[in-house]
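Read off the chains here:
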Amino acid sequence: MNITPITGALGAEVDTIDLARLTEIDLTNLDKAFDEHLVLVFRDQSLDPASLLTLTNQLGGPGQTPYLTGLPGYPDVVPIIKEANEKSPKSFGSGWHTDFTFQAEPPSRTLLYAEDTPPQGGDTLFSNLYKAYDRLSNGLKAMLNPLNAMHSATRSYGPNSNLQHDLENMTIGKETDEPEERAHPVIRIHPNTGRPCLWINPTYTIRFEGMTEAESSPLLKYLNDWAVQPSFTCRVQWRPGTLVMWDNRCTQHCATSDYHGHRRAMLRTTVKGDSPIAAIR
Ligand code: SIN
């Protein structure tokens, strides 16, 4: 396995590996590289829904995927698709987020495989939340350490969401009532590395526990901007056959909406995760 880092912050391209034929040794090496680089990019892969699901099973099995509709016969394989003739330029996942943090056990990893890509654009950006924590002042770290934040699907999948309007070729469900909120630690310890990270995101984190949205919003805004500053990020350009795997326990990501008039077709799975661990309080 050849591993080439993408930026000084996170992400690596992994060569000479066939994801459809992984050995136990490959899996061990992959896990090691994943914990080090947080986002792994594999080029020239040849995957279909069945082999993507096999890979997902090898990595721990699929997570729960509410609201998004999977492929017929493959409910855990979700097509993320934008056709060339859609009215809206907005693409799925185009705000910074970590996948499904409103769940009790949010997915550990996400796998996204490119079937068809625009001639340019449609890149995905990633941010390293370990760095976002490490570079905070000791005073702010100490203040955030005992806090939980409330996460909710409301902005994306609540009664007033209009995701479906922008994404004509995906089938997206939404709640009729306000979705429940879920408390998670603001500073999360990664279960494999034992390292703390700043685990909030502007899509699903609504407020700090015990505070109103208005009270929480100034500090959340500061932290959300802080967490995605350029020196904590990398950018992945796709081509057909690229698979990217990212760690939802220590990263955020954001799709770009800069390929209006072109097709982009991806297959996505998530790997089940566990209940986020708080730093020692
Ligand atoms: C996602 O947020 O799950 C999708 C990201 C992308 O399509 O680049």
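Model, not experiment: these values are computed from the prediction.

Criteria and cut-off values
- Residues numbered from 1 in each chain as written.
- Predicted model: local features only at pLDDT ≥ 70, side-chain atom pairs only at ≥ 80, totals over all residues.
- Heavy atoms only, no water.
- 1 Å grid on protein atoms, 1.4 Å probe; cavity = no way out; pocket = protein on both sides within 12 Å on 5 of 7 lines; lining within 4 Å.
- Points joined across faces, edges and corners; volume = space filled by probe spheres on them.
- Helix = DSSP H or I, 4+ residues; strand = E, 2+ residues; numbered from the N terminus.
- Nonpolar A, V, L, I, M, F, W, Y, C, P; charged D, E, K, R; others polar.
- Phe/Tyr/Trp six-rings, centres within 6.5 Å; stacked < 30°, edge-to-face > 60°.
- Buried < 20%, exposed > 50% of the residue type's maximum accessible area, 1.4 Å probe, protein only.
- Pairing = 2+ DSSP bridges.

K.L.:
When you look at empty space enclosed by the protein in this model, what are you seeing that I'm missing?
P.N.:
Empty space among the atoms can be located by rolling a probe the size of a water molecule over them. With the rule as written, the count across this model stands at two cavities of 30 Å³ or more. The space that makes up the largest cavity amounts to roughly 120 Å³. Around the largest cavity, the lining residues are Ile80, Phe92, Gly93, His97, Leu112, Thr124, Trp246, His253, Cys254, Ala255, Arg264 and Arg268. Of all the elements in the fold, those that place two or more residues in the lining of the largest cavity are strand E14 (251–255) and strand E15 (264–271). For the lining of the largest cavity, the element with the most residues is E14, which contributes three residues. Residues belonging to the lining of the largest cavity are distributed by class as follows: six nonpolar, four polar and two charged. Taken as a whole, the second largest cavity encloses approximately 50 Å³ of empty space. For the second largest cavity, the full set of lining residues is Ile80, Ile81, Lys82, Ser91, Phe92, Leu167, Met170, Tyr259 and Arg264.

K.L.:
Mind showing me how you'd approach the packing of aromatic side chains here?
P.N.:
For any pair of aromatic rings, the description rests on two quantities: the centre-to-centre distance and the angle between the ring planes. This model, assessed by the stated rule, comprises eight aromatic pairs. Between tyrosine 222 and tryptophan 226, the ring centres sit 6.2 Å apart and the planes meet at 20 degrees, which makes this aromatic pair stacked. Remark: tryptophan 226 and tyrosine 222 occur in helix H7 (residues 213–227); sequence separation between them is four residues, near one turn of the helix. Grouping aromatic residues by their ring pairs yields a cluster made of Tyr67, Phe100, Phe102, Tyr157 and Tyr204.

K.L.:
It is not clear to me how the pairing of strand E6 (residues 124–128) should be interpreted in this structure. Could you clarify?
P.N.:
Both faces of the sheet carry side chains from a regular strand, because those side chains alternate between them. Of all five residues that make up E6, five are buried, and the element is covered over most of its length. Side chains of E6 alternate between two faces, with Thr124, Phe126 and Asn128 and Leu125 and Ser127 buried alike. Bridge count for E6 against E14 is five bridges, and the pairing is antiparallel. In the sheet register, threonine 124 faces E14, and the bridge partner there is alanine 255.

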